[in-house]
Amino acid sequence: TPRRTAITHAEGEIDDIDLIANEKVLILVTQQGYIKRMPVNTFEAQNRATRGKAGAKVKEDDTIEHFLTCCDHDSVLFFSDRGVVYSLKAYQIPEGSRTSRGTPIVQMLPIPKEEKITSIVSVDEFSSEEYLVMLTKGGNIKKTALEAFSNIRANGLIAISLEEGDHLRWVRRAKVEDSIIIGSRHGMAIHFRCTHDQLRPLGRATRGVKSMKLKAGDELVGMDILPAAILDTLNTETEAELEEETIEIEETAENSEETTETPNSTGPWVLIITMGGYGKRVPVGQFRLQNRAGQGITATKFKNRKTKDQLATLRIVNPDEEIMMATNRGIIIRQSVNAISVQSRTATGVRVQKLDEDDAITGVAVVPPDAGDAEDSE
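The rules behind each value
- Residues numbered from 1 in each chain as written.
- Predicted model: local features only at pLDDT ≥ 70, side-chain atom pairs only at ≥ 80, totals over all residues.
- Heavy atoms only, no water.
- Helix = DSSP H or I, 4+ residues; strand = E, 2+ residues; numbered from the N terminus.
- Contact = heavy atoms within 4.5 Å.
- Areas by Shrake-Rupley, 256 points an atom, 1.4 Å probe, with all protein chains shown as cover.
- Buried < 20%, exposed > 50% of the residue type's maximum accessible area, 1.4 Å probe, protein only.
- Polar contact = N/O pair within 3.5 Å; in protein donor to acceptor, adjacent residues only side chain to side chain.
- Pairing = 2+ DSSP bridges.
- pLDDT = per-residue confidence, 0-100.
- Salt bridge = Lys/Arg side-chain N within 4 Å of Asp/Glu carboxyl O.
- Core = buried A, V, L, I, M, F, W, Y, C linked by side-chain atoms within 4.5 Å.
- Phe/Tyr/Trp six-rings, centres within 6.5 Å; stacked < 30°, edge-to-face > 60°.
- Lys NZ or Arg CZ within 6 Å of the ring centre and 35° of its normal.
- 1 Å grid on protein atoms, 1.4 Å probe; cavity = no way out; pocket = protein on both sides within 12 Å on 5 of 7 lines; lining within 4 Å.
- Points joined across faces, edges and corners; volume = space filled by probe spheres on them.

### So, the overall build of the protein
Each helix and strand in the protein was counted, giving 2 helices and 24 strands. In the protein, 76% of the contacts between residues at least 6 apart in sequence involve partners at least 24 apart. Accessible surface, the protein as shown: approximately 18000 Å² in total, 45% of it carbon and sulfur.

### Thoughts on the side chain of K280
Examined against the element boundaries, K280 turns out to sit in strand β18 (residues 278-283). Look at K280 and you get buried, because its relative accessible area is 1%. A distance of 3.4 Å separates the side chain of K280 from the side chain of T300, its partner in a polar contact. Among the polar contacts made by the side chain of K280, one reaches the main-chain carbonyl oxygen of A347 at a distance of 2.8 Å.

### A look at the sheet that holds strand β9 (residues 130-136)
Spatial strand order, β12-β9-β10-β15: 4 strands in an open sheet with antiparallel pairing. At either end of the open sheet lies a strand with only one pairing partner, and these are β12 (168-175) and β15 (209-210).

### With respect to the environment of T274
Take T274: it is sitting in strand β17 (residues 269-274). The sequence separation of T274 and A312 amounts to 38 residues, and the corresponding C-alpha distance is 4.6 Å.

### Observations concerning the pairing of strand β10 (residues 140-145)
Within β10, 5 of the 6 residues are buried, which leaves the element mostly enclosed by the surrounding structure. From the end of β9 to the start of β10, which pair antiparallel, there are 3 residues, and G139 there has a positive phi angle of about 100°. As judged from the 2 bridges shared by β10 and β15, these two strands associate in the antiparallel manner. Within β15, the residue paired with N140 across the bridge is K210.

### Structural notes on the confidence of the model for the protein
Per-residue pLDDT for the protein averages 82, and the proportion of residues at 70 or more is 80%. Taking the mean pLDDT of every element in the protein, the minimum, 45, falls on helix α2 (residues 239-255) and the maximum, 96, on β9. Low pLDDT, under 50, characterises residues 371-378; the stretch is placed with 12 contacts to residues that sit more than four places away or in other chains.

### So, the sheet that holds strand β6 (residues 84-89)
Taken together, the 4 strands give an open sheet; going across it, the order is β8-β5-β6-β11, and neighbouring strands pair in antiparallel fashion. The open sheet terminates on both sides in strands that have one partner only, identified here as β8 (117-123) and β11 (157-158).

### Details of the pattern of salt bridges
Within the structure shown, the criterion is met by 11 salt bridges. For E95, the salt bridge is made with R37, and the minimal N-O distance between the two is 3.9 Å. A residue pair is termed long-range when its members are at least 10 positions apart, and E95 in the loop between β6 and β7 (103-104) and R37 in strand β2 (residues 34-39) qualify at 58 residues. By relative accessible area, E95 is classed as exposed at 55%.

### Some points on the nonpolar core
Counting residues in hydrophobic clusters, the biggest one holds 18 residues, and the most contacted among them are I27, V76, F78, I105 and I120. When residues of this core are traced back to their parent elements, those giving at least two are β1 (24-30), β4 (64-71), β5 (75-80), β6 and β8. The contact partners of I105, leaving out residues within four places of it in the chain, are V29, G33, Y34, I35, F78, I111 and I117.

### Overview of the packing of aromatic side chains
Inspection of every chain in the model, using the stated rule, returns 1 aromatic pair. Across the ring face of Y131, the terminal group of K143 is positioned such that the distance to the ring centre comes to 5.0 Å.

### Details of the side chain of T136
Summarising the element assignment, T136 is placed in strand β9. Look at T136 and you get buried, because its relative accessible area is 1%. Ignoring sequence-local partners within four residues, the contact set of T136 consists of I160, L162, D166, H167, L168, R169, W170 and L220.

### Describing empty space enclosed by the protein
Tallying each qualifying case throughout the model produces 1 cavity of 30 Å³ or more. Along the walls of the largest cavity sit M188, M212, K213, L214, K215, D218 and Q295, which together make up its complete lining.

Structure representation (structure tokens):
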């Protein structure tokens, strides 16, 4: 006969998660599929243009590909190139030391051999007011309600339908009033709103729409979200004023690596980092809002035209935040964004990290200011 009594949790009973401190952590995934979790304070902030610390014992043919900062109680969503999403709690990811290689991700998630993780996102609450914005290598973009991902099966869930030969590359959280900024390898950027008229919400098993018109040989390198509250307070400078300011700053920038700052730029900024180790902060007001699927505007000029420097990433940063940059040899450097000069769209930036000849910056993660309070160092 079926059991007549119901076995339930008693009030006040302790769950596993209650025994785990909600610490800030760094989660790191390598190209060959090793994953580990480290306390954020493993890396102190360093001065600009220093070499950085090894963040992982990386095999010669392996590189660090993704890393983010989150809290131990957060859910971490792993998106694969095939458009499938998997989920783990941050505390379930094994902790590793700074020099350990980590755990093979295939031991943690049921990922087929031919599939590759291309984006990771942390979520503390699956709200109906937030969306996940997904961007593919081929330039298709779509937004889907975050609550559609609250129950992810053990073997994953379809997040986006892809055209033949396309891959899912970037995923970010956004609200409907926010705006999206996308960068390309050749230094172009487009900025458009996340509203339903520009980007209508779609279900999980859909393809999306075109995000940006690319020139031959160019490709997308990154996407970030600008909160609506910031958009509303932006200075409404005219394009002519911006161009005038740009010319002045560019002239100074060519004569000196320590370039002048643009006036009235209190943040947030678009952080531009090139693969060759140059970087700058550009006031977000210099990236005017456009319609989706346009060509965009210049985000940066490149210092080393001979070595064919290219854009590594483009992120939105705020005052007092810190960033952690990883190179493909596994060197990680942590520094304050305030140490990187504020410049115009057409300036070339300052050196943010010394790199060996065959090394290049591959990723940048933003550390919230309260994560670094415990260990401010020069």
